[in-house]
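Examining the three-dimensional arrangement
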Amino acid sequence: AAPATTEAPGTTLVEREVSAVTPTTASTVPAPPPPPGTFVTAPGTSWPAGTGAPRTYTVEVETATGVDPTEFATFVDATLGDPRSWIADGSLSVQRVEAGGSARIVLATPDTTDALCAPLRTSGIYSCGQGNTAVINLDRWINGIDVWSGPLEEYRHYVVNHEVGHLLGHGHVECGGAGQLAPVMQQQTKGLDGCLPNGWPYP
(Lines give C-alpha, C1' and ligand atoms only; values in the text may rest on other atoms or scores of the structure.)
Protein backbone atom coordinates (compact mmCIF):
# COMPACT_ATOMS: atom_id res chain seq x y z
CA ALA A 1 0.00 0.00 0.00
CA ALA A 2 1.15 3.58 -0.62
CA PRO A 3 2.49 5.42 2.45
CA ALA A 4 0.15 7.88 4.19
CA THR A 5 0.58 11.58 3.35
CA THR A 6 -0.69 14.86 4.77
CA GLU A 7 -0.29 16.80 1.52
CA ALA A 8 -3.39 18.24 -0.09
CA PRO A 9 -4.53 16.46 -3.22
CA GLY A 10 -2.85 17.81 -6.33
CA THR A 11 0.20 19.32 -4.51
CA THR A 12 3.22 19.06 -6.78
CA LEU A 13 6.87 18.61 -5.88
CA VAL A 14 7.65 22.17 -6.97
CA GLU A 15 4.96 23.57 -4.67
CA ARG A 16 6.29 21.52 -1.77
CA GLU A 17 9.81 22.92 -2.38
CA VAL A 18 8.61 26.54 -2.60
CA SER A 19 6.65 26.19 0.63
CA ALA A 20 9.79 24.99 2.39
CA VAL A 21 11.87 28.08 1.47
CA THR A 22 12.79 30.13 4.54
CA PRO A 23 11.16 33.62 4.48
CA THR A 24 13.41 36.67 4.10
CA THR A 25 14.86 37.63 7.45
CA ALA A 26 14.05 41.02 9.00
CA SER A 27 17.70 42.08 8.82
CA THR A 28 17.47 42.42 5.04
CA VAL A 29 14.45 44.74 5.15
CA PRO A 30 15.40 48.47 5.17
CA ALA A 31 14.43 50.31 8.32
CA PRO A 32 11.59 52.80 7.78
CA PRO A 33 12.51 56.48 7.92
CA PRO A 34 11.97 58.22 11.26
CA PRO A 35 8.52 59.78 11.61
CA PRO A 36 8.07 63.57 11.31
CA GLY A 37 8.69 65.39 14.53
CA THR A 38 11.65 63.21 15.57
CA PHE A 39 14.45 65.45 16.86
CA VAL A 40 18.14 65.01 17.53
CA THR A 41 19.88 67.24 20.07
CA ALA A 42 23.25 68.62 19.04
CA PRO A 43 25.91 67.03 21.25
CA GLY A 44 28.37 68.88 23.46
CA THR A 45 28.46 72.37 24.87
CA SER A 46 29.67 75.75 23.70
CA TRP A 47 31.93 78.22 25.44
CA PRO A 48 30.02 80.79 27.51
CA ALA A 49 29.65 84.12 25.73
CA GLY A 50 28.84 87.43 27.40
CA THR A 51 29.18 88.75 30.92
CA GLY A 52 25.63 89.06 32.23
CA ALA A 53 23.07 86.70 33.73
CA PRO A 54 23.58 83.17 32.35
CA ARG A 55 21.06 81.68 29.94
CA THR A 56 21.51 78.13 28.64
CA TYR A 57 19.97 76.61 25.55
CA THR A 58 19.80 73.34 23.66
CA VAL A 59 19.83 73.04 19.88
CA GLU A 60 17.63 70.41 18.25
CA VAL A 61 17.14 69.44 14.60
CA GLU A 62 14.23 67.47 13.17
CA THR A 63 15.65 64.43 11.40
CA ALA A 64 13.33 64.97 8.41
CA THR A 65 15.19 68.21 7.58
CA GLY A 66 18.34 66.36 6.57
CA VAL A 67 20.42 69.08 8.28
CA ASP A 68 23.36 68.02 10.43
CA PRO A 69 22.62 69.00 14.06
CA THR A 70 26.25 69.89 14.76
CA GLU A 71 26.43 72.25 11.78
CA PHE A 72 23.20 73.98 12.78
CA ALA A 73 24.35 74.25 16.41
CA THR A 74 27.70 75.74 15.35
CA PHE A 75 25.87 78.47 13.43
CA VAL A 76 23.51 79.19 16.34
CA ASP A 77 26.46 79.36 18.75
CA ALA A 78 28.31 81.79 16.48
CA THR A 79 25.19 83.95 16.14
CA LEU A 80 24.30 84.19 19.83
CA GLY A 81 27.94 84.54 20.86
CA ASP A 82 28.60 87.40 18.42
CA PRO A 83 29.24 90.80 20.05
CA ARG A 84 26.43 92.24 17.88
CA SER A 85 23.88 89.80 19.33
CA TRP A 86 21.84 89.93 22.55
CA ILE A 87 24.93 89.72 24.78
CA ALA A 88 26.12 93.16 23.63
CA ASP A 89 24.52 95.23 26.39
CA GLY A 90 26.15 93.18 29.17
CA SER A 91 22.87 91.94 30.67
CA LEU A 92 23.10 88.40 29.33
CA SER A 93 25.50 85.53 28.80
CA VAL A 94 24.68 82.43 26.77
CA GLN A 95 25.91 78.86 26.58
CA ARG A 96 24.69 75.82 24.69
CA VAL A 97 24.29 72.65 26.73
CA GLU A 98 23.40 69.14 25.70
CA ALA A 99 20.50 68.76 28.12
CA GLY A 100 18.54 70.85 30.59
CA GLY A 101 18.82 74.18 28.81
CA SER A 102 16.38 76.91 29.77
CA ALA A 103 15.61 77.52 26.08
CA ARG A 104 15.28 75.32 22.99
CA ILE A 105 16.33 76.40 19.52
CA VAL A 106 14.78 74.04 16.99
CA LEU A 107 15.12 73.60 13.23
CA ALA A 108 11.97 71.95 11.83
CA THR A 109 10.14 71.23 8.60
CA PRO A 110 7.26 73.59 7.74
CA ASP A 111 4.52 71.19 8.90
CA THR A 112 6.25 70.52 12.20
CA THR A 113 6.92 74.24 12.63
CA ASP A 114 3.18 74.89 12.29
CA ALA A 115 2.44 72.23 14.92
CA LEU A 116 5.05 73.51 17.38
CA CYS A 117 4.10 77.15 16.93
CA ALA A 118 0.32 76.73 17.32
CA PRO A 119 -1.78 78.66 18.17
CA LEU A 120 0.44 81.13 16.30
CA ARG A 121 -0.20 80.87 12.56
CA THR A 122 3.04 80.21 10.74
CA SER A 123 1.24 78.88 7.62
CA GLY A 124 4.16 76.70 6.55
CA ILE A 125 6.11 79.90 5.86
CA TYR A 126 7.21 81.60 9.06
CA SER A 127 9.26 80.77 12.14
CA CYS A 128 8.25 81.56 15.71
CA GLY A 129 9.45 82.10 19.23
CA GLN A 130 7.15 81.48 22.16
CA GLY A 131 7.50 80.14 25.67
CA ASN A 132 10.98 78.70 25.90
CA THR A 133 11.22 77.50 22.28
CA ALA A 134 12.46 79.21 19.13
CA VAL A 135 11.38 77.27 16.04
CA ILE A 136 13.21 77.96 12.77
CA ASN A 137 11.32 77.00 9.62
CA LEU A 138 13.46 74.84 7.30
CA ASP A 139 12.17 76.61 4.18
CA ARG A 140 13.35 79.95 5.47
CA TRP A 141 16.68 78.45 6.57
CA ILE A 142 17.36 77.06 3.09
CA ASN A 143 15.75 79.69 0.87
CA GLY A 144 15.62 82.93 2.85
CA ILE A 145 13.11 85.44 1.46
CA ASP A 146 12.82 87.28 -1.86
CA VAL A 147 12.86 90.79 -0.37
CA TRP A 148 16.11 90.15 1.55
CA SER A 149 18.85 91.79 -0.49
CA GLY A 150 21.68 90.61 1.75
CA PRO A 151 23.37 87.21 1.81
CA LEU A 152 21.54 84.13 3.05
CA GLU A 153 23.96 83.81 5.96
CA GLU A 154 22.90 87.23 7.22
CA TYR A 155 19.23 86.24 6.99
CA ARG A 156 19.99 83.16 9.07
CA HIS A 157 21.58 85.38 11.72
CA TYR A 158 18.43 87.47 11.63
CA VAL A 159 15.97 84.60 12.07
CA VAL A 160 17.93 83.14 15.01
CA ASN A 161 18.28 86.52 16.73
CA HIS A 162 14.66 87.47 16.04
CA GLU A 163 13.10 84.29 17.42
CA VAL A 164 15.45 84.16 20.41
CA GLY A 165 14.53 87.80 21.00
CA HIS A 166 10.95 86.70 21.59
CA LEU A 167 12.19 84.20 24.19
CA LEU A 168 13.94 87.10 25.92
CA GLY A 169 10.70 89.07 26.08
CA HIS A 170 11.07 91.34 23.05
CA GLY A 171 8.05 92.10 20.87
CA HIS A 172 7.79 93.24 17.27
CA VAL A 173 8.80 96.74 16.22
CA GLU A 174 8.40 98.68 12.98
CA CYS A 175 10.89 100.06 10.49
CA GLY A 176 12.18 103.39 11.80
CA GLY A 177 12.34 105.04 8.38
CA ALA A 178 13.33 104.44 4.79
CA GLY A 179 17.02 103.71 4.36
CA GLN A 180 17.61 102.84 8.02
CA LEU A 181 18.74 99.43 9.20
CA ALA A 182 15.73 97.32 10.11
CA PRO A 183 15.46 96.56 13.83
CA VAL A 184 16.10 92.87 14.42
CA MET A 185 12.63 92.57 15.98
CA GLN A 186 10.98 93.93 12.84
CA GLN A 187 9.17 91.14 10.95
CA GLN A 188 11.64 91.32 8.10
CA THR A 189 10.45 88.01 6.66
CA LYS A 190 7.14 89.75 5.84
CA GLY A 191 8.83 92.77 4.26
CA LEU A 192 11.37 95.51 4.93
CA ASP A 193 9.03 98.53 4.54
CA GLY A 194 11.86 100.66 3.19
CA CYS A 195 14.43 99.57 5.78
CA LEU A 196 17.67 97.81 4.96
CA PRO A 197 18.07 94.15 5.99
CA ASN A 198 19.75 93.58 9.35
CA GLY A 199 20.43 90.44 11.33
CA TRP A 200 21.63 91.89 14.62
CA PRO A 201 20.15 93.47 17.76
CA TYR A 202 23.22 95.75 18.12
CA PRO A 203 24.65 96.19 14.62
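Our subject in this report is the structure included herewith. The shown structure was predicted, so the numbers you read here are calculated from the model rather than taken from an experiment.

We now examine helix H2 (residues 69–80). Turn by turn, an α-helix covers 3.6 residues, leaving residues three or four places apart pointing in a common direction. If you check H2, its first and last C-alpha atoms are 16 Å apart, about what 12 residues at 1.5 Å a residue would give, namely 16 Å. Buried within H2 we find Pro69, Phe72, Ala73, Phe75, Val76, Asp77, Thr79 and Leu80.

Bringing the state of the cysteines into the picture now. Tallied over the full model, the rule gives two disulfides. Each disulfide pairs two cysteine sulfurs, and for Cys117 the partner residue is Cys128, the sulfurs being separated by 2.0 Å. Around the S-S axis, the bridge from Cys117 to Cys128 shows a dihedral of about -90 degrees and counts as left-handed. Taken together, the residues span a long stretch of sequence, with Cys117 in helix H3 (residues 110–117) and Cys128 in strand E6 (residues 128–130) at a distance of 11 residues. Bridging Cys175 to Cys195, the disulfide has an S-S length of 2.1 Å. Residues Cys175 and Cys195 share a disulfide whose torsion about the S-S bond is about 90 degrees; that sign makes it right-handed. Here the residue Cys175 occupies a position in the segment after helix H5 (152–167), and Cys195 occupies one in the segment after H5, the gap between them amounting to 20 residues.

For the bond from Ala118 to Pro119, the omega torsion is 15 degrees, close enough to zero to count as cis. Mapped onto the fold, Pro119 is located in the loop between H3 and E6. The phi angle at Ser123 is positive, at roughly 55 degrees, despite the residue not being glycine. In this fold, Ser123 is placed in the loop between H3 and E6. Accessibility expressed as a relative area gives 51% for Ser123, which makes it exposed. Of note, the phi angle at Asp193 is positive, near 55 degrees, even though the residue is not glycine.

Within the secondary structure, Val160 sits in helix H5. Spatially, the C-alpha atoms of Val160 and Cys128 are 9.8 Å apart, while their sequence positions differ by 32 residues. With sequence-adjacent residues up to four places away left out, Val160 is seen in contact with Val76, Thr79, Leu80, Ile136 and Trp141.

Thresholds applied
Residues numbered from 1 in each chain as written. Predicted model: local features only at pLDDT ≥ 70, side-chain atom pairs only at ≥ 80, totals over all residues. Heavy atoms only, no water. Helix = DSSP H or I, 4+ residues; strand = E, 2+ residues; numbered from the N terminus. Expected span 1.5 Å × (residues − 1). Buried < 20%, exposed > 50% of the residue type's maximum accessible area, 1.4 Å probe, protein only. Disulfide = S-S within 2.5 Å. Contact = heavy atoms within 4.5 Å.

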